[in-house]
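Examination of the molecular architecture
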Amino acid sequence: MPVATKSAPVATAPVSASDGLNGRARSAEGAQGTMVAFNGHRRTPPPINEPIRSYAPGTAERAELKARLESMANEVVDIPIVIDGREIRTGDTANVVMPHAHQHVLGQWHAATVSHVAQAIDAAERARADWGNWPFEERAGVFLRAAELLSTRYRATLNAATMLGQSKTAFQAEVDAACELADFWRFNVHFAETLYADQPISDKGIWNQTDYRPLEGFIYAVTPFNFTAIGGNLSTAPALMGNTVLWKPSATAMLSAHYIMQILTESGLPPGVINFLPGDPIAISNAALSHRDFAGLHFTGSTNVFNMMWKQIGANTSSYRSYPRIVGETGGKDFIVAHHTADVEALAVAIGRGGFEYQGQKCSACSRAIVEAPIYDAFITKLLERIAKLTVGDPAANHYLGPVINKAALDSMLRYIEIGKKEGRLLAGGKAPATADGGYFLEPTVIADVAPNAVISQEEIFGPVLALVKVASFEEGLKVVNNTEYGLTGSIYSTDREKLNIARREFHVGNLYFNRKCTGAMVGAHPFGGFNMSGTDSKAGGPDYLPLFTQSKSVAEKL
Ligand code: NAD
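**Notes on empty space enclosed by the protein**
Applying the stated criterion to the full structure yields three cavities of 30 Å³ or more. Taken as a whole, the largest cavity holds about 110 Å³ of empty space. Gly-360, Lys-362, Ala-365, Ser-367 and Phe-462 are, among the 16 residues lining the largest cavity, the residues nearest its centre. The residue inventory of the lining of the largest cavity, partitioned by class, reads six nonpolar, five polar and five charged. In this model, the second largest cavity occupies a volume close to 60 Å³. Taken together, 14 residues line the second largest cavity, and the ones lying closest to its centre are Phe-335, Val-481, Tyr-486, Gly-487 and Val-509. Looking at the lining of the second largest cavity residue by residue, the classes come out as five nonpolar, six polar and three charged.

**Quick notes on the sheet that holds strand 18 (residues 489-493)**
Taken in spatial order, the seven strands line up as 15-16-17-14-13-18-19 in an open sheet, and their pairing is mixed. Each of the sheet's edge strands pairs with one partner strand only, and the pair in question is strand 15 (425-428) and strand 19 (511-514). Neighbouring strand axes in the sheet, compared pairwise and without regard to direction, differ in orientation by 20 degrees on average. Relative to strand 16 (residues 445-448), strand 15 is paired through three bridges, and the arrangement is antiparallel. For Arg-425, the partnering residue across the bridge sits in strand 16 and is Ala-448.

**Remarks on the packing of helix 1 (residues 60-73) against helix 4 (residues 155-165)**
Packing of helix 1 against helix 4 leaves a shortest axis separation of 9 Å and a crossing angle of 60 degrees. Judged by the inter-axis angle, helix 1 sits oblique to helix 4. Of the two elements, helix 1 crosses helix 4, and the hand of that crossing is right-handed. Only Ala-156, Thr-157, Asn-159, Ala-160, Ala-161, Met-163 and Leu-164 of helix 4 make contact with helix 1, whose side of the interface consists of Glu-64, Leu-65, Arg-68, Leu-69, Met-72 and Ala-73. Looking at the contact of helix 1 with helix 4 residue by residue, the class counts come to nine nonpolar, two polar and two charged.

**A closer look at the environment of Pro-433**
Secondary-structure assignment places Pro-433 in the loop between strand 15 and strand 16. Residue Pro-433 is classed as partly exposed on the basis of its relative accessible area, which comes to 29%. Residues Pro-433 and Gly-393, 40 residues apart in the sequence, show an inter-C-alpha distance of 9.3 Å. Those residues within four positions of Pro-433 in sequence are excluded, and the remaining contacts are Phe-441, Leu-442 and Glu-443.

**Overview of helix 1**
Its 14 residues place the ends of helix 1 20 Å apart at the C-alpha level, agreeing with the 20 Å of an ideal helix rising 1.5 Å per residue. Among all positions in helix 1, only Glu-61, Leu-65, Arg-68, Leu-69, Met-72 and Ala-73 are buried. One side of helix 1 carries all its buried residues, which in axial view fall inside an arc of 125 degrees. Of the residues in helix 1, the exposed ones pointing more than 90 degrees away from the buried face are Ala-60 and Lys-66. Those residues of helix 1 that are buried lie in contact with strand 5 (93-98), strand 6 (101-110), helix 4, helix 5 (170-197) and helix 7 (254-266).

Cut-off values and rules
Residues numbered from 1 in each chain as written. Predicted model: local features only at pLDDT ≥ 70, side-chain atom pairs only at ≥ 80, totals over all residues. Heavy atoms only, no water. 1 Å grid on protein atoms, 1.4 Å probe; cavity = no way out; pocket = protein on both sides within 12 Å on 5 of 7 lines; lining within 4 Å. Points joined across faces, edges and corners; volume = space filled by probe spheres on them. Nonpolar A, V, L, I, M, F, W, Y, C, P; charged D, E, K, R; others polar. Pairing = 2+ DSSP bridges. Helix = DSSP H or I, 4+ residues; strand = E, 2+ residues; numbered from the N terminus. Axes fitted to C-alpha atoms, helices over the stretch in contact; angles between N-to-C directions. Parallel < 35°, antiparallel > 145°, perpendicular 65-115°, else oblique. Left-handed = near helix turned anticlockwise from the far one by under 90°. Contact = heavy atoms within 4.5 Å. Buried < 20%, exposed > 50% of the residue type's maximum accessible area, 1.4 Å probe, protein only. Expected span 1.5 Å × (residues − 1). Arc of directions from axis to C-beta.

Structure follows, in structure tokens:
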């Protein structure tokens, strides 16, 4: 394979004194022997959720986004590997295409080889010594700056990349790429500050302290296609805590990932802190997971892939320097349960949105509606009325459903629909409409009268396919909710307080919602993570997340 490398301007690290101690005990000497240069306990700005813009006709944000969509559609972006701040082009490239018009090429990314993984690990190790010693406030400044750049100058670019490269509507791109990612960057800074302030009590004559340190090696971040914000969060959250990272992005979210790297570089992230490795997931993962300095996996994606990586880590344990942290959020078979007191209209709206926004390609998407018999038929009527209004087409042209991400995904969904047609009654959809531009479109599909143990009630389809399960009573519904291998999100619609209470106790999910849809978790408000085979319940967007990427040293000093 031809290997041509080209050096890019290297981001310069802000010059600062290094104290190496993350924690409030700041009067000690730093790792380099230099005293802390700044006296003053600096507080970071209180985080607020980034306001969602409307993109209504006539607004400035709409005009800006439209212009960026047009310019981006006319570019072919060259996406390099980034190691130690250097851009590397191997010439072994793959195309970034629009899923809604897949002959339209938006860019080409250069594939990393195993030798690039080795280079990236070396770069991460070199950068770790310095970055881990930066005072927290200096690291925080990089990500606060990134959030500011994203919510202003880069907003239209990252939204457009998410709309064109991952086929989101303007609204879905805005809540993901602009708002959620800016929220992760700002709230994580706040959560880190709060964590460092958490110090043990001291007694007379003794001063007890906790020093929150980065892990002993690099973090390997592997990210999915369906949320731009997850790509940006998984690569940066460990870095905020002083770690260095190898980031393997998804092949089908490459354009947005590339712009995230640009934002971080422009924000002053030093070279080597996050190394960007597009390429063959198996070869790259094998090289990363078998390295002695591998200190943690930060994964979001399907359950099967995570299970494989977990096994691989288990098999390699004796060759590591330390026990690696394994943090993974995975698949779901999420549900809405409808008690007979539910408002049928509200329920149909919730399922229309929770099941079909972004074509059901959210880990939290509602793929099972479990409905009590007395309202089952009335609910179906309302749901079908709603679904009849959902149009399918180019998401930038205001269609409710765009395409699914690629041909393999579409083929898999069509196979599930064939199975589902035998397991239940097809009420809507089921077909993949052909379009002039090509595009992996699938109609919103509803299959009723499905048994709780049917394949389409059990397996994650990850597309716009909803199974309706009719239950005779709430008690029967209770048996259905927990009968899959997953436990990510669930929702109950009921006006009966006692039933909400039972759901709180019995529904075995990481994120539970009362009388609202099962998607749309917000950073800071709804820390997100699943039970069972839906993940390690790491609760991204909450205060318990960042400690996963630190090791704490308890220090006691006799005075
Ligand atoms: P995926 O598992 O196909 O890919 C995820 C990442 O793993 C990608 O970077 C991919 O390149 C890599 N990968 C794929 N095969 C690999 C292998 N054999 N070895 C190493 N790495 C490999 O998932 P996806 O299609 O990108 O995303 C959809 C899945 O992610 C769904 O299952 C969804 O439920 C899940 N998801 C979960 C959450 C959550 O918070 N629980 C959030 C988003 C997505």
